[in-house]
Amino acid sequence: MNILAVTACPTGIAHTYMAAEAIEDAAKAKGYQVKVETRGSVGVENELTAEDIKAADAIILACDTAVPMERFAGKKLISVSVSEALKSPEQLLEKALNATVYGSSNLSDAVSAIKEQRSAERKGVYKHLMNGVSFMIPFVVAGGILIAISFLFGYKAFENEGTLASYLKSIGDSAFALMVPILAGYISYSIADRAGLAPGMVGGAIAILLNAGFLGGLVAGFLAGYIVLFIKKAIKLPKTLQGIMPVLIIPVLGTLATGLILFYVIGKPVAFINQSMIDFLTGMSGTNAVILGLIIGLMMAFDMGGPVNKAAYAFGTGTLVAGAASPVMAAVMAAGMVPPLGLALATVLFKKKFTGAEREAGKAAWVLGASFITEGAIPFAAADPLRVIPSIMVGSAITGALSMAFKATLSVPHGGIFVFFAVGNWPLYILAILVGTVVTALLLGFLKKNMEQ
Amino acid sequence: MIINEALIDLNTALDTKEAVIRHLAGLAKKEGRISDLEKYVEAALHRETEYSTAMGFGIAIPHGKTSAVTEPFLCFAKVDSVDWNALDGNPVDLVFMIGVPEEAGTAHLKILASISRKLMKQDFRDSLRNVTSNSELIQLLQNSDLGI
């Protein structure tokens, strides 16, 4: 027998390792092969590899904190508390070998598991960036939607003070005002932990002050994070004074250094680049705009929620921060909706080319696509990447290009059909999405082979 | 050194969990390992509320991870069967208490991890119970391949 286990406890100091030892001893006593991954305060040690998991007969999770689960799909798995593993490791082995197989056949669950795993796998600069973006998104969504609602009262209704429309606009503006500081703060937080938050957020506020926008926020966040890391390493205080590092030294020095560097050195160049980018994007029209839409579409579909897709997405949200409703954001969302929608349509039009499970999954793919969750296409692409990925890339590229050509705009960063009221020129926007969806489905029908009976 | 002779007490007559934690925290405070005794005790007791750190076999390992700890430490005490809500229901006679600052170095954490593993071994627990002096205990820990 070959047993794998993962142990983790809240403080990660003692029980993580005790449980690991208990499971190892019990398994060895029975002559089983065993490997235990410990997720304690030292970090992840003895990490289970894909080969380990493939060769395993059963998996034991003795964890009181969340651990990545997706990798265990298709394996017998039992999940218990750490204390259970300390109390009766022998029984645990029995139970694990008789456990039910982990993994869901439900598309929505599978998709959220994939998203979770991907965010766990993010590393380095990309991880810091996505941490900032993911904390920023709720502010953009709240601000964008509330401002869009205020426009429903009439385009200039908010100018009448004391009206609901003016309050909605003010609430939305307040949320927008926090976007860049939150972005910078949480990039810095991801780099330098809690100590990075204050210098990062202040850096973000300075970026706004300097008119450096979204781009300035990115720079400020990374700057603040690495400055705080440097301060932590460079300044060694005597033991008795160490307590003042997090409450006095780091906040003051970190914020001061970040701020001064922004003002004196990099603030103005970044502001210039930011302004040039906005001018370029807003001034872009005709062929250039269509080509940009095309590229965005290709990127959105290429890895369905992976780094390339997220790069295009982050670019889109950046244009929102620049103010007003954005054609780029509109193209990003439309292109991101097409892959699951196109696959859903294909499962209806070309039943013979999909397995029963895929046709079932197609129903959920409608919902995922309509909600702008591009990851909904992943299960189909994983089964047949060489035919599915080119099909969705072509469909998304056409939608992206059409959305730009129709000058559709969007003032919120997410939401799919639920935020269509925030879309400018929505009839043609819907047409762009429909065309891409149909093209994707037809290409799939043409490329995919019939399933063997 | 994560532990020294001043962090060990082989003859305590304390009878409650909190009294033991407080007593050992006092030793750590005297050694300059803790800046704020109350804050540390609170962290350790809070950890106990998640579930008992008495792992069975008569051993408890209360621990606190808090900024009140200025240098990682390990305390050891022999006590007279204290009720610690142990997993196996038995009273506790050996206590290892751990303190870790919010941002501890990996080296210290690895030592604590290896002690935790070692405590699962019957012969190690027997040796701990047979220790008669503070210096003997230090020696036992140093000879146990724990990185101390």
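Owing to the predicted nature of the structure, the values given are computational and were not obtained by experimental measurement.

Colleague: Hey, could you run me through the overall build of chain A in this one?
Modeller: The helix and strand tally for chain A stands at 17 helices and 7 strands. Each principal axis of the C-alpha distribution contributes one length, and for chain A these read about 75 × 75 × 40 Å. Relative to its full complement of 453 residues, chain A shows a buried share of 50%. If you sum the accessible surface of chain A, you get close to 20,100 Å²; carbon and sulfur atoms cover 66% of it. Of the charged side chains in chain A, 33 are positive and 28 negative; the average position of the first set lies 5 Å away from that of the second.

Colleague: Would you mind showing me how to read the overall build of chain B here?
Modeller: Scanning chain B for helices and strands turns up 5 helices and 6 strands. Traced from its N-terminal end to its C-terminal end, chain B shows the element sequence β-α-α-β-β-β-β-β-α-α-α. Rg of the C-alpha trace for chain B: 14 Å, near the compact-globule value of 15 Å for 148 residues, within the 12% margin. Along the longest, intermediate and shortest principal axes, the C-alpha atoms of chain B span 35 × 30 × 25 Å. Buried residues in chain B amount to 53% of all 148 residues.

Colleague: Can you walk me through the interface of chain B and chain A in this structure?
Modeller: Interfaces are often described in size by the accessible area the parts lose on coming together. Contact residues are listed per partner, giving 25 residues for chain B and 25 residues for chain A. Buried area between chain B and chain A, summed over both chains or domains, comes out near 2,300 Å², and the portion from carbon and sulfur atoms is 64%. On inspection of chain B and its partner chain A, the count reaches 4 salt bridges. One salt bridge in this structure joins Glu21 of chain A and Lys121 of chain B, with 2.6 Å as the shortest N-O distance.

Colleague: Explain the sheet that holds strand S3 (residues 43-45) of chain A here, please?
Modeller: Backbone-to-backbone hydrogen bonds join strands into a sheet, with any given pair of strands oriented parallel or antiparallel. All names here are of chain A. Ordered by their spatial adjacency, 5 strands build an open sheet running S3-S2-S1-S4-S5, and the pairing between neighbours is mixed. Edge positions in the sheet fall to S3 and strand S5 (77-80), since each has one partner strand and no second. Recorded for the sheet is a direction-independent mean angle of 15° between the axes of neighbouring strands. Of the pairings in the sheet, the one linking strand S1 (residues 2-8) to strand S4 (residues 58-63) comprises 6 bridges and is parallel in character. Looking at S4, one finds that Ala8 is bridged to Cys63. Relative to strand S2 (residues 33-40), helix H1 (residues 15-29) is tilted by about 175°, and along the sheet it contacts S1, S2, S3 and S4.

Colleague: Could you clarify how one ought to interpret the packing of helix H1 (residues 17-30) of chain B against helix H2 (residues 37-50) of chain B in this entry?
Modeller: To characterise two packed helices, one gives the angle between the axes of the helices and the distance between these axes. All names here are of chain B. Two elements in contact, H1 and H2, have axes whose closest approach is 10 Å; the angle formed by their N-to-C orientations is 140°. Compared by their axis directions, H1 and H2 come out oblique. Taken as a pair, H1 and H2 cross one another with a handedness that is right-handed. Judged by residue contacts, Lys17, Glu18, Ile21, Arg22, Ala25, Gly26 and Lys29 of H1 engage Leu37, Glu38, Tyr40, Val41, Ala44, Leu45 and Glu48 from H2.

Colleague: Even after reading the chapter, I still don't get unusual backbone geometry, so can you show me in this structure?
Modeller: Peptide bonds are mostly trans, and most non-glycine residues show a negative phi. Residue and element names in this part refer to chain A. We note that Phe372 has phi near 60°; this positive angle belongs to a residue other than glycine. With respect to the helices, strands and loops of the structure, Phe372 is situated in the loop between helix H14 (356-370) and helix H15 (378-383). Positive phi values are uncommon outside glycine, yet Lys407 reaches one of about 55°.

Colleague: Is there a simple way to explain the pattern of salt bridges in this structure?
Modeller: Think of it this way: side chains of opposite charge can pair up when their charged atoms draw near. According to the stated counting rule, one finds 19 salt bridges over all chains in the structure shown. With a shortest N-O distance of 3.1 Å, Lys169 of chain A and Asp173 of chain A are connected by a salt bridge. Taken together, the residues span about one helical turn, with Lys169 of chain A and Asp173 of chain A both in helix H7 (residues 164-192) at a distance of 4 residues. The salt bridge involving Asp384 of chain A is made with Arg387 of chain A; its shortest N-O contact spans 3.2 Å. A relative accessible area of 14% means that Asp384 of chain A is categorised as buried. Overlapping salt bridges, with partners in common, bring together Glu21, Glu24 and Asp25 of chain A together with Arg117 and Lys121 of chain B in one network.

Colleague: Is there a simple way to explain a nonpolar patch on the surface in this structure?
Modeller: Together, Leu209, Leu253, Leu256, Leu260, Phe263, Tyr264 and Val265 of chain A give the surface a local cluster of nonpolar side chains, amounting to about 740 Å² of exposed area. Ranked by residue count, the leading element in the nonpolar patch is helix H10 (residues 244-283) of chain A, at 6 residues.

Colleague: Could you clarify how one ought to interpret the environment of Ala50 of chain A in this entry?
Modeller: Residues and elements named next belong to chain A. With respect to the element layout, Ala50 can be found in helix H2 (residues 50-55). On the accessibility criterion, Ala50 (56% relative accessible area) is exposed. Spatially, the C-alpha atom of Ala50 lies 31 Å from that of Leu444, the residues being 394 residues apart in sequence.

Colleague: I would appreciate a short explanation of the environment of Thr163 of chain A in the present structure.
Modeller: Residues and elements named next belong to chain A. Positionally, Thr163 belongs in the loop between helix H6 (124-152) and H7. A relative accessible area of 28% places Thr163 in the partly exposed class. Put simply, Thr163 and Glu21 are 142 residues apart on the chain and 66 Å apart in space, counted from C-alpha to C-alpha.

Colleague: Teacher, can you tell me more about the domain arrangement of chain A here?
Modeller: Residues and elements named next belong to chain A. Partitioning chain A into structural domains gives domain 1 (2-103), domain 2 (114-274) and domain 3 (286-447). On a C-alpha basis, the centroid separation for the pair domain 2 and domain 3 is 29 Å. Contacts between the two partners involve 18 residues from domain 2 and, on the opposite side, 21 residues from domain 3. A buried area of about 1,600 Å², summed over both sides, lies between domain 2 and domain 3, and 80% of it is on carbon and sulfur atoms. Across the domain 2-domain 3 interface, the total number found is 0 residue pairs in polar contact (both at pLDDT 80 or more). Sorting the residues of the side of domain 2 that touches domain 3 by element identifies helix H5 (107-121), H6 and H7 as the ones contributing at least two each.

Colleague: What am I meant to see in the pairing of strand S6 (residues 92-100) of chain B here?
Modeller: If a strand is regular, its side chains alternate between the two faces of the sheet. Residue and element names in this part refer to chain B. For S6, the tally of buried residues reaches 8 of 9 residues, placing the bulk of the element in the interior. Across 2 bridges, the pairing between strand S3 (residues 59-60) and S6 is parallel. Paired with Ala60 across the two strands is Val95, which belongs to S6. Sheet topology note: the strand S4 (residues 63-65)/S6 ladder contains 3 bridges and is parallel. What sits directly across from Lys65, in S6, is Val100. Pairing between strand S5 (residues 73-82) and S6: 7 bridges, direction antiparallel.

Colleague: Explain the pairing of S5 of chain B to me, please; I cannot follow it from the model alone.
Modeller: Residues and elements named next belong to chain B. With respect to burial, S5 is a largely interior element, 8 of its 10 residues being buried. The pairing of strand S1 (residues 8-9) with S5 spans 2 bridges and is classified as parallel. Counted as the bridge partner of Ile8 is Phe76 from S5.

Colleague: I keep staring at the confidence of the model for chain B and nothing clicks. Help me out?
Modeller: As a general rule, the predicted coordinates of low-pLDDT regions are not to be interpreted in detail. Overall, the predicted model of chain B reaches an average pLDDT of 88, with 100% of residues at or above 70. Mean pLDDT values over the elements of chain B span from 81, in strand S2 (residues 54-56) of chain B, up to 93, in H1 of chain B.

Cut-offs applied
- Residues numbered from 1 in each chain as written.
- Chains lettered and ligands numbered in written order.
- Predicted model: local features only at pLDDT ≥ 70, side-chain atom pairs only at ≥ 80, totals over all residues.
- Heavy atoms only, no water.
- Helix = DSSP H or I, 4+ residues; strand = E, 2+ residues; numbered from the N terminus.
- Buried < 20%, exposed > 50% of the residue type's maximum accessible area, 1.4 Å probe, protein only.
- Areas by Shrake-Rupley, 256 points an atom, 1.4 Å probe, with all protein chains shown as cover.
- Lys, Arg positive; Asp, Glu negative; His and termini not counted.
- Charge placed at Lys NZ, Arg CZ, Asp CG, Glu CD.
- Rg over C-alpha atoms; globule rule 2.2 N^0.38 Å.
- Contact = heavy atoms within 4.5 Å.
- Buried area = accessible area lost by both parts, 1.4 Å probe.
- Salt bridge = Lys/Arg side-chain N within 4 Å of Asp/Glu carboxyl O.
- Pairing = 2+ DSSP bridges.
- Axes fitted to C-alpha atoms, helices over the stretch in contact; angles between N-to-C directions.
- Parallel < 35°, antiparallel > 145°, perpendicular 65-115°, else oblique.
- Left-handed = near helix turned anticlockwise from the far one by under 90°.
- Patch = residues over 30% accessible without salt bridge, like charges linked within 9 Å, V, L, I, M, F, W, Y side chains within 5 Å.
- Domains from an automatic or database assignment.
- Polar contact = N/O pair within 3.5 Å; in protein donor to acceptor, adjacent residues only side chain to side chain.
- pLDDT = per-residue confidence, 0-100.

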